[in-house]
Amino acid sequence: MFHKILIANRGEIALRIQRACRELGIPTVAVHSTADAEAMHVRLADESVCIGPPPARDSYLNMAAILSAAAITGADAIHPGYGFLSENDGFAEMVEAHGLTFIGPSPEHIRMMGDKITAKATMARLGVPLVPGSDGAVETLEEAERVAGRIGYPVLVKAAAGGGGRGMKVAREAGELEEAWRLARAEALSAFRSDAVYLEKYLDRPRHIELQIMADSHGSVVHFGERDCSIQRRHQKLLEEAGSPAITAAERDRLGAVATAALREIGYRNAGTLEFLYQDGEFAFIEMNTRLQVEHPVTEMVCGVDLVREQIRIAAGQALGYGQADIRFEGHAIECRITAEDPETFMPTPGRVSAYHAPGGLGVRIDSALYAGASVPPYYDSMIAKLIVHAPTRAEAIARLDRSLAEFAIIGIRTTIPLHQRIVKDASFRAGDYNIHWLERFVTG
Ligand code: MV4
């Protein structure tokens, strides 16, 4: 097992990783920018190192500073959390080149899934269902026209290096293709320095359902079920559920079997998430995330597993020690991402939290680095707390969420708690009747 783990992240996820380390008896090193000198992830770590000024590119993305911090503290492994360097194959490679362990997949697998075209081709070869589309990259407008003619409009032009919706344009009919083609390529080039694009049939009202996978370095691969992440706005998720109100246990088992077989075949290691669109009873793979995700707690609550602990054990070479048949799904879990944003305009609201009171009681979990007197800096992601509830049924989880949101007091800055309070009272949310467009209409209408 590792002797000391450096956590290359901040906020709630840095705390989450520290908690897993502490339960495994492993000391932790926190890194922080000058803006985070008083942050909870620094206060609770065994050791801390300041790695630079507030802008992320000078601190939490500063690979040389992070590797130096690991060297001077004698850490033998680095957990990247999510965001920042978590899906940077060059960083994973550099960590290993310095004789340390990167707690995550191999650099090769990070690279493979970072290119959506390679990711799709790999999954297609292994029998995972895809959205109809181009066979790989589309090089010319003429080729795009041919593919669109074959799959039928509407189509989406997507950046190979894409993610978060950037470099993605819809063409509803043939007359819109040239414009979508040009815009997607230009946006891809400026955002990702690559103008490689591909085409897909546009699904107009899908749900966003993802499957949690865990693989050890001995060939064992299991899944921990799905999460429904359809409640989102501008590619930022607000609320996630495990399981999805839209799918049956039989559909989960079927998808899980195909996905785990595929990842076993490519020798994938550590945590991963396969993203699907689900519409008219069918799953279509779109992307794979090669990191721990923000919403992992809902999966932990229904499976009773510590996913970060599993990541660390696997990175240390340990076997999972259980199989798919040992994994049971119990009850229902929902997570609300609470951000320091105006609940109507979504403008960031950084500042000082003068008073703080978190909800509690049976089936309530708060993952947050907030405390009374804490400052929310303007430089980073605005998520300040995750409220996770677990109950035997979805209806009971919603009741628990409703009462927990009413208990939650974050004073001094505006937050999205009032928006979450409205969502949980909505009839169509309660019916589980929503898709990826639901929230946009809810907040504007
Ligand atoms: C799609 C789609 C509809 N049809 N692909 C958005 C970002 C990237 N992760 C994939 N995305 C989408 N791909 C086809 N063929 C709709 C979206 C999409 C979306 C997907 C998941 C979660 C939220 C979304 C919001 C808008 C669009």
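What comes next concerns the included structure. (Residues numbered from 1 in each chain as written. Predicted model: local features only at pLDDT ≥ 70, side-chain atom pairs only at ≥ 80, totals over all residues. Heavy atoms only, no water.)

### Notes on the nonpolar core
- Core analysis: the biggest nonpolar cluster contains 36 residues, and Leu387, Leu401, Ile410 and Phe429 have the highest contact counts within it.
- Of all elements in the fold, only β11 (236-242), β14 (332-339), β17 (364-368), β19 (383-391), α12 (394-407), α13 (417-425) and α15 (438-444) reach the threshold of two or more residues within this core.
- Dropping the residues within four chain positions of it, Ile410 is found in contact with Ile338, Val353, Ala355, Tyr356, Leu370, Ile384, Thr415 and Ile417.
- Listed in part, the 33 residues of the second largest apolar core include Ile17, Ile103, Ile312 and Ile327. (Core = buried A, V, L, I, M, F, W, Y, C linked by side-chain atoms within 4.5 Å. Buried < 20%, exposed > 50% of the residue type's maximum accessible area, 1.4 Å probe, protein only. Helix = DSSP H or I, 4+ residues; strand = E, 2+ residues; numbered from the N terminus. Contact = heavy atoms within 4.5 Å.)

### Digging into the sheet that holds strand β7 (residues 166-171)
- Sheet architecture is open: three strands sit in the order β7-β6-β8, paired in antiparallel fashion. Taken across any chain shown, the strands that pair with only one partner, and hence form the sheet edges, are β7 and β8 (197-201). Strand after strand, the sheet turns through a mean of 25° between neighbouring axes, direction not considered.
- Helix-sheet contacts for helix α8 (residues 177-192) involve β6 (155-163), β7 and β8, and the interaxial angle to β7 is about 175°. (Pairing = 2+ DSSP bridges. Axes fitted to C-alpha atoms, helices over the stretch in contact; angles between N-to-C directions.)

### As for the pairing of strand β9 (residues 207-215)
- Counted residue by residue, β9 has nine buried out of nine residues, so it is predominantly covered.
- Of the two faces of β9, the one holding Arg207, Ile209, Leu211, Ile213 and Ala215 and the one holding His208, Glu210, Gln212 and Met214 are both buried throughout.
- The sheet contact formed by β9 and strand β12 (residues 270-279) spans nine bridges and is antiparallel. In the strand pairing of β12, Ala215 is matched with Asn270.
- Pairing geometry for β9 and strand β10 (residues 221-233), over six bridges, is antiparallel. Of the residues in β10, the one forming a bridge with Glu210 is Arg227.
- Hairpin remark: β9 followed by β10, antiparallel, with five residues in the connecting loop; positive phi at Gly219, about 95°.

### A closer look at the state of the cysteines
- Taken as a whole and judged by the stated rule, the model has zero disulfides.
- Of the cysteine sulfurs around Cys229, a residue in no disulfide, the closest is that of Cys336, at 13 Å.
- Residue classification places Cys229 among the buried positions, given a relative accessible area of 0%. (Disulfide = S-S within 2.5 Å.)

### Structural notes on the pairing of β14
- Counting buried residues in β14 gives eight out of eight residues, a clear majority hidden from the surface.
- Side-chain alternation along β14 places His332, Ile334, Cys336 and Ile338 on one buried face and Ala333, Glu335, Arg337 and Thr339 on a second face that is also buried.
- The sheet contact formed by β11 and β14 spans four bridges and is antiparallel. Considered in β14, the bridge of Glu241 is made with Ile334.
- Pairing of β14 with β19 involves eight bridges; the strand directions are antiparallel. Directly across from Ile334, in β19, lies its bridge partner Val389.

### Let's talk about the site of the ligand
- Taken together, 17 residues surround the ligand, and among them Lys158, Glu200, Lys201, Leu203 and Glu287 come closest.
- Measuring from a nitrogen atom of the ligand, one finds a side-chain N or O atom of Lys158 at 2.9 Å.
- In this structure, a nitrogen atom belonging to the ligand sits 2.8 Å away from a side-chain N or O atom of Glu200.
- Relative to its unbound accessible surface of 520 Å², the ligand loses 91% to contact with the protein.
- Among the residues making up the shell around the ligand, the classes are represented as eight nonpolar, four polar and five charged. (Near = heavy atom within 4 Å. Polar contact = N/O pair within 3.5 Å; in protein donor to acceptor, adjacent residues only side chain to side chain. Areas by Shrake-Rupley, 256 points an atom, 1.4 Å probe, with all protein chains shown as cover. Nonpolar A, V, L, I, M, F, W, Y, C, P; charged D, E, K, R; others polar.)

### A closer look at the sheet that holds β9
- Taken together, eight strands build an open sheet; the order of strands is β13-β12-β9-β10-β11-β14-β19-β17 and the sheet is antiparallel. Edge strands, defined here as strands with exactly one partner in the open sheet, are β13 (282-289) and β17. Along the sheet, successive strands turn relative to each other by an average axial angle of 25°, direction set aside.
- As paired elements, β12 and β13 share seven bridges and run antiparallel to each other. Paired with Leu274 across the two strands is Met288, which belongs to β13.

### Some points on the pattern of salt bridges
- Evaluation of the coordinates by the stated rule reveals 32 salt bridges.
- For Lys158, the salt bridge goes to Glu200, with nearest N and O atoms at 2.8 Å. With a gap of 42 residues between them, Lys158 in strand β6 and Glu200 in strand β8 connect regions that are remote in the sequence. One exposure class covers both Lys158 and Glu200, and it is buried.
- Arg205 serves as the salt-bridge partner of Asp280, at 3.2 Å between the closest nitrogen and oxygen. You can see Asp280 sitting in the loop between β12 and β13 and its partner Arg205 sitting in the loop between β8 and β9, a full 75 residues away along the chain.
- Put simply, Glu210, Arg227, Lys237, Glu240, Glu295 and Arg337 are held in one network by salt bridges that share partners. (Salt bridge = Lys/Arg side-chain N within 4 Å of Asp/Glu carboxyl O.)

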